[in-house]
Each structure stands twice: as C-alpha cells, then as structure tokens.
Amino acid sequence: MSCWCLPGRPRLWTAGCDLYVMTRLLGYVDISDPRFVAAVLAITFNPLFWNVVARWEQKTRKLSRAFRSPYLACYSLGCAILLLNFLRSHCFTQAMLSQPKMESLDNPVAYCVGLALLGVGTVFVLSSFFALGFTGTFLGDYFGILKEARVTTFPFNLLDNPMYWGSTANYLGWAIMHASPAGLLLTVVVALIYVVAVLYEEPFTAEIYRQKASQSHKRS
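Throughout what follows, the structure given in this document is the object of discussion. Only a predicted model underlies this, so the values are computations on that prediction, with no experimental measurement involved.

It is worth spelling out the pattern of salt bridges at this point. Applying the stated criterion across every chain yields a total of two salt bridges. A salt bridge links Asp 33 to Arg 35; its shortest N-O distance comes to 3.7 Å. We classify Arg 35 as partly exposed; its relative accessible area is 43%.

Here the structure, examined in full by the defined rule, presents 11 aromatic pairs. Ring centres of Tyr 75 and Phe 134 lie 5.4 Å apart, and the angle between their planes is 70 degrees; this geometry places the pair in the edge-to-face category. Linking Tyr 75 in helix H4 (residues 70-97) with Phe 134 in helix H5 (residues 108-137), this pair joins segments that are 59 residues apart in sequence. For Tyr 75, a relative accessible area of 36% corresponds to the partly exposed category.

On the surface, a nonpolar cluster with roughly 380 Å² of combined accessible area is contributed by Phe 67, Tyr 71, Leu 72 and Tyr 75. Take the nonpolar patch: its biggest share by element is three residues, from H4. In this fold, Phe 67 is placed in helix H3 (residues 62-67).

Let us look at helix H6 (residues 162-177). For H6, built from 16 residues, the straight-helix expectation of 22 Å at 1.5 Å per residue is met to within 8% by its first-to-last C-alpha distance of 22 Å. In the stretch just after H6, Ala 179 is the one whose phi turns positive, near 50 degrees.

Time to look at the layout of surface pockets. Rolled over the atoms, a probe as big as a water molecule pinpoints where empty space is left. In this structure, the largest pocket spans a volume of roughly 1,500 Å³. The wall of the largest pocket is formed by 44 residues, among which Leu 132, Gly 136, Thr 137, Met 163 and Tyr 164 lie closest to the centre. Secondary-structure elements contributing two or more residues to the lining of the largest pocket are H4, H5, H6 and helix H7 (181-219). Top contributing element to the lining of the largest pocket by residue count: H5, with 10 residues. Taken together, the residues that form the lining of the largest pocket break down as 26 nonpolar, 10 polar and eight charged.

Rules used throughout
Residues numbered from 1 in each chain as written. Predicted model: local features only at pLDDT ≥ 70, side-chain atom pairs only at ≥ 80, totals over all residues. Heavy atoms only, no water. Salt bridge = Lys/Arg side-chain N within 4 Å of Asp/Glu carboxyl O. Buried < 20%, exposed > 50% of the residue type's maximum accessible area, 1.4 Å probe, protein only. Phe/Tyr/Trp six-rings, centres within 6.5 Å; stacked < 30°, edge-to-face > 60°. Helix = DSSP H or I, 4+ residues; strand = E, 2+ residues; numbered from the N terminus. Patch = residues over 30% accessible without salt bridge, like charges linked within 9 Å, V, L, I, M, F, W, Y side chains within 5 Å. Areas by Shrake-Rupley, 256 points an atom, 1.4 Å probe, with all protein chains shown as cover. Expected span 1.5 Å × (residues − 1). 1 Å grid on protein atoms, 1.4 Å probe; cavity = no way out; pocket = protein on both sides within 12 Å on 5 of 7 lines; lining within 4 Å. Points joined across faces, edges and corners; volume = space filled by probe spheres on them. Nonpolar A, V, L, I, M, F, W, Y, C, P; charged D, E, K, R; others polar.

Below is the structure:
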C-alpha cells in the first residue's frame, strides 16, 4: 500500500502517509497489554507529578519548611523524579520486549540510526543538566532558587527544552534499536506529553522570573 494524494493537495498526502504509518504501527501493537498500559501510565504520570508538586511548593513552601531548606527540598524532589524516570524507562523497555518486532526495522542500518539518535539524545540531556545544574534541572525556580539570567549556552543555543527533546530522541533511538512498533508508539506518547508539559510550564516559569525582575526593579 502506498501513501495516497490528490493533485494539488499535499496536506492530504501528508495526512494519508501519517494515517498509513499509524495504522501499520497499531497493527503490531496490543494496546491492551498490561505492560503497554503500565508504560503509558508511567509516561503520563511523571510530568504530572513534578508539575503538581512544584506548583504546590511554589504556593505553600511546605516542602522547604519540612526539610528546613529549599535546597534540600529541591534535591529530594529531584531524586524522586530520577527514580520515577528509571521506572518509566523500565516500563517502556518491558512494553517493547513483550510485543512483536517490525521486520523492516530489524536490520543493521536501522540499528545504527537508533544508536545515533540515542547518542544525540544523551548529549542533549547531559549537556542540559550540566548547563542548568541540579536545582536548575529539577525545578529549583519553584523553590525560590532562581538563576541570575536565562541559560543560553549549548544546547540551549540550538533549541528550547533540549532535555525534553533529548529524552524523546533517546526513547526513539531505543525503540528503533529494538525494531519495536510498541516503542515507536510509546515515543509518540512521550513527545505529546512533553509538548503539553512545555505549554503548562513555560508561562508559569516566565511569571516567576517576571515577579523576580519586578521586585529587583522596586528595590533599585
């Protein structure tokens, strides 16, 4: 089956291709499999958890008071996020291994492409972490731990939210290396959840720094 189009209708051609690809993926994937469902839940839960906790802390400062330090509170949340991310990756891998491979991806070229994506994603994730530091990575601004200025060094000079898209590239590469349609479908879920997280987080973070700038201006 080929991707269809009508003359002068490139959008219909694109939609047809997308529909064909998704149909093929779904033909390989049992979305009712408990391990697949667990992976979807883990992918969805993680950003929800850290956003709810971070906003609650920003409004109440209860974590900072409980730990008697905003830094200790932020480190604790960061460790919890790391553990949840390890669980998410484990669920992702188990969901892949429990479902069939796609023959057209089960070859050395595809494996190398997946490995390259995994390498690029890892570079983005690690370089983002080193540029932001622990508190900058793990929502320190919600704990009142603010940076003096926006980070513009690599990889932030290449794209916004490089840690999110680096993580997405990691999952995409991992799925391709395993020739896994389930992994590809879960990667789509990862990307969509990150898009929602960015839309939710960025205005709120911008408001935190706007308030900081306003307070600094009043003091001066």
